[in-house]
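Fold and contact review
Below, each chain spelled out in residue letters.
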Amino acid sequence: MSRHRTAALVGNPNSGKSALFNALTGARQKIANYPGVTVERKAGRLTLPSGESLELLDLPGSYSLDSASPDEEVTRQVVEGKFEGEKTPDVLVLVLDAANLEQHLVFAQEVLELGRPTVVALNMVDLAERDGLTLDPAALSAALGVAVIPTVAVRRKGIAELGQAIAEAERHADQEPLGHWHLTQTERRLSAKHIARGAILSKSTRHTVENGFDRVLLNPWIGPVILFALLFVVFQAVFAWATPFADALEGVVAVLSDWAVALLPEGLVRDFVTEGVLAGVGSVVVFLPQIVILFFFILLMEASGYMARAAFLMDRLMAGVGLSGKSFIPLLSSFACAIPGIMATRSISDPKDRLTTILIAPLMTCSARLPVYAVIIAAFIPQTTVGPGVGLQGLVLFVLYLAGIVGAMVVALVLRGTVAKGAASGFIMEMPRYQMPRLRDLAIGLWQRAWVFLRRAGTIIFVATIALWVLLSFPQAEPGESQLDASIAGTIADGLHPILAPIGFNREISLAIIPAMAAREVAVSALATTYAVQADDEELAAAGVTERIADLWTLPTALAFLAWFVFAPQCLSTIAVARRETNGWKWPIFMVVYLFVLAYVFAGLTYWSALALGW
């Protein structure tokens, strides 16, 4: 009776293992879970050239046998023969991505050190050739000491040869493991570089140029400078490019308001349209150009392949505060909205690392804060330049975004040393190819994000603004009495103002930060509605919120307001998502409390410092 024989496919994620597994086994597959874990066990039957068959396992993708996730732990235990109830594979089939050879050779050497009968499937050689790489399988085989078979799994190219090589390696399954070299991770990386160079016969000009770009953009000293310079340009563009479009939208809102005043009789209906809808929602919609320009640059960096390289550059900074580069992508997503950013933390395997990332995600300056920043900057920061092509308004916006990043890193450092104590986990990622972004894809992406913003303006912001207008409008003020003093909203503001007055907030701000919990942009519409209701005449009511703030606020109050929004918690939806992702209210409540404390403290420090400086 023949013994039960097995082989296992091992390799990095995205090496084409699953396609190769399907090509080798066809429909003869069985999928279950490994005992005691939720990791999928995928097995099939491979028919050898002799007609005999063996069981083929498709092990989870792994970057190292020093496991950092449940998937990698299963792979390690299976290949080392330590997984209870699972036979040690007779043959290991190492799947390497020919287009990312150097990266994949690091893990390959670790597997080869086990001394087990091994065959290398040099997969996706067609994509390598498309990228201008011509490889020498024989040279790679000589360097690794095992058979190397070029394959294109999706086209079944090299499948028969691979089956023959597996059959040949299986004949040596009963032999004692061979003694192989044992290298450190650094030595493996250096060796991988030398082996990859020896296996490459020729490179195209494009491949050489892309490598040259990476040598500059991923340089530990030059790379971060380029990254921050690029971000600086982005924030300059948000103001410089958006101004004419924002002015045009503001003009449209003003025209609509004039029409409403001219066409509607004086009364609640006209006040509802002019003070509630147009003054409130319209004051937020005018910042659509800034939102679109910000997302244009984000989409451009993603489509060009630069975003992944930015994550790699940030890994060193992240490690300094106890996080890994894996946290960069969720935090970067939080610049658009913290909700997808928090959900993206599911890709972080270390639970303490993931918790910390969730807790600091609200400190990233989401797009909803941009209207708040823009209206204050436009009201108090002059449109002057501080250098060639450097606008003061864009510089202030850059500093505000930078303050959120620095604040998040400091908080992460504290959390990793206290409630989420632990060391930084490893971070390995593959760099996508550089490519020219497609204008159609950029246009679709911008439209989707603009529509999300407008939909929020028509739903959440609209409802919150109208609710505030009702609270501001009733009961009606007596002759000679301020409408704010007489209204329900005024009573609410009076209760909150004594707490916020020490940090420079007036009654209007005290009132505006309450509905801002529904959506950060509502702070702008709330202020616009409040000042429109308070106005003594139609001209004042029609004035933009920027002009009213510039007339009524002091600079210390404006700076304190900005500092508040750098740290204040985000919308209720963000808090709800944090509760779902942490399976309880403990950490969301902790997050809200510490963010409110930071907001109050730094708004106060900003206000008192500005007063001390005589601003």
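Data block above holds the structure.
Position numbers for residues count from 1 along each chain, tracking the sequence in the order it is written. Only residues with pLDDT of 70 or above have their local features reported here, since the model is predicted, and side-chain atom pairs are shown and tallied only from 80 upward, although totals for entire chains, interfaces and linings are computed over all residues. Side-chain descriptors were evaluated using all non-hydrogen atoms of the structure, hydrogens and water having been removed beforehand.

This next bit is on the pairing of strand 1 (residues 6-11). Of all six residues that make up strand 1, six are buried, and the element is covered over most of its length. Each residue's exposure class comes from its accessible area (1.4 Å probe, protein chains only) as a fraction of the maximum for that residue type: buried when under 20%, exposed when over 50%, partly exposed otherwise. In this text, helices come from DSSP runs of H or I with a minimum length of four residues, and strands from runs of E with a minimum of two, each type numbered from the N-terminal end. Burial along strand 1 is two-sided: Thr-6, Ala-8 and Val-10 facing one way and Ala-7, Leu-9 and Gly-11 facing the other are all buried. Taken together, the four bridges between strand 1 and strand 4 (residues 53-58) define a ladder with parallel strand orientation. Note that in strand 4 the partner of Ala-7 across the bridge is Leu-56. Pairing between strands is defined by DSSP: at least two bridges between them are needed. By the bridge criterion, five bridges tie strand 1 to strand 5 (residues 91-97) in an arrangement that is parallel. Counterpart to Ala-7 in the pairing with strand 5 is Val-91.

Moving on, we get to the pattern of salt bridges. Pairs can form between side chains of opposite charge once their charged atoms are near each other. Salt bridge, as used here, is a side-chain nitrogen of Lys or Arg placed within 4 Å of a carboxyl oxygen of Asp or Glu. Inspection of every chain in the model, using the stated rule, returns 16 salt bridges. Close ionic contact of Arg-309 with Asp-214 constitutes a salt bridge, the shortest N to O distance being 2.6 Å. Remark: Asp-214 occurs in helix 8 (residues 205-217) and Arg-309 occurs in helix 13 (residues 306-320); sequence separation between them is 95 residues. Arg-309 gets classed as buried once you look at its relative accessible area, which sits at 2%. Asp-441 serves as the salt-bridge partner of Arg-438, at 3.8 Å between the closest nitrogen and oxygen. If you follow the salt bridges from partner to partner, you end up with Glu-73, Arg-76, Glu-80 and Lys-82 in one network.

On to the state of the cysteines, then. Here a disulfide denotes one covalent bond, and it connects the sulfur atoms of two cysteines. Defined by distance alone, a disulfide is two cysteine sulfur atoms within 2.5 Å. The final tally for this structure, using the stated rule, is zero disulfides. The closest cysteine sulfur to the non-disulfide-bonded Cys-337 is located on Cys-571, 6.0 Å from its own sulfur.

Let us look at unusual backbone geometry. Cis geometry is found at the peptide bond from Phe-474 to Pro-475, where omega equals -10 degrees. One non-glycine residue, Met-124, lies in positive phi territory at about 55 degrees. Within the element layout of this structure, Met-124 appears in the loop between strand 6 (118-123) and helix 4 (125-130). The exposure class of Met-124 is buried, given its relative accessible area of 17%.

Distance thresholds for patches are 9 Å for like charges and 5 Å for nonpolar side chains (Val, Leu, Ile, Met, Phe, Trp, Tyr), applied to residues having over 30% relative accessible area and no salt bridge. In these tables, accessible area is a Shrake-Rupley quantity obtained with a 1.4 Å probe, and a residue counts as shielded only by the protein chains included in the view. Think of it this way: Lys and Arg go in the positive column, Asp and Glu in the negative one, and His and the chain ends go nowhere. Taken as the charge location is NZ of Lys, CZ of Arg, CG of Asp or CD of Glu. Residues Lys-193, Arg-197, Lys-203 and Arg-215 make up a contiguous surface patch of positive charge. With respect to the helices and strands, Arg-197 occurs in helix 7 (residues 185-199). Look at Arg-197 and you get exposed, because its relative accessible area is 57%.

Here the focus is the environment of Ala-7. The topology assignment puts Ala-7 in strand 1. You can call Ala-7 buried: its relative accessible area is 0%. Residues Ala-7 and Val-79 lie 72 residues apart in sequence; the distance between their C-alpha atoms is 9.8 Å. Ignoring anything within four residues of it in the chain, the contact list for Ala-7 reads Leu-54, Glu-55, Leu-56, Leu-57, Pro-89 and Val-91. Whether two residues are in contact is decided by their heavy atoms: any pair within 4.5 Å suffices.

Quick look at the nonpolar core now. The tendency in soluble globular proteins is for nonpolar side chains to be buried side by side. Buried residues of nine kinds, namely Ala, Val, Leu, Ile, Met, Phe, Trp, Tyr and Cys, make up a nonpolar core once their side-chain atoms join them within 4.5 Å. Residues Ile-360, Ile-549, Trp-553, Phe-561 and Trp-564 are the most contacted members of the largest nonpolar core, which totals 122 residues. Counting residues per element, this core draws most heavily on helix 18 (residues 392-417), at ten residues. With residues near it in sequence (within four places) discarded, Phe-561 still touches Val-372, Ile-376, Phe-505, Ile-509, Ile-513, Ala-523, Leu-527 and Trp-553. Ranked by size, the runner-up nonpolar core spans 36 residues in total, among them Leu-65, Val-78, Val-148 and Ile-195.

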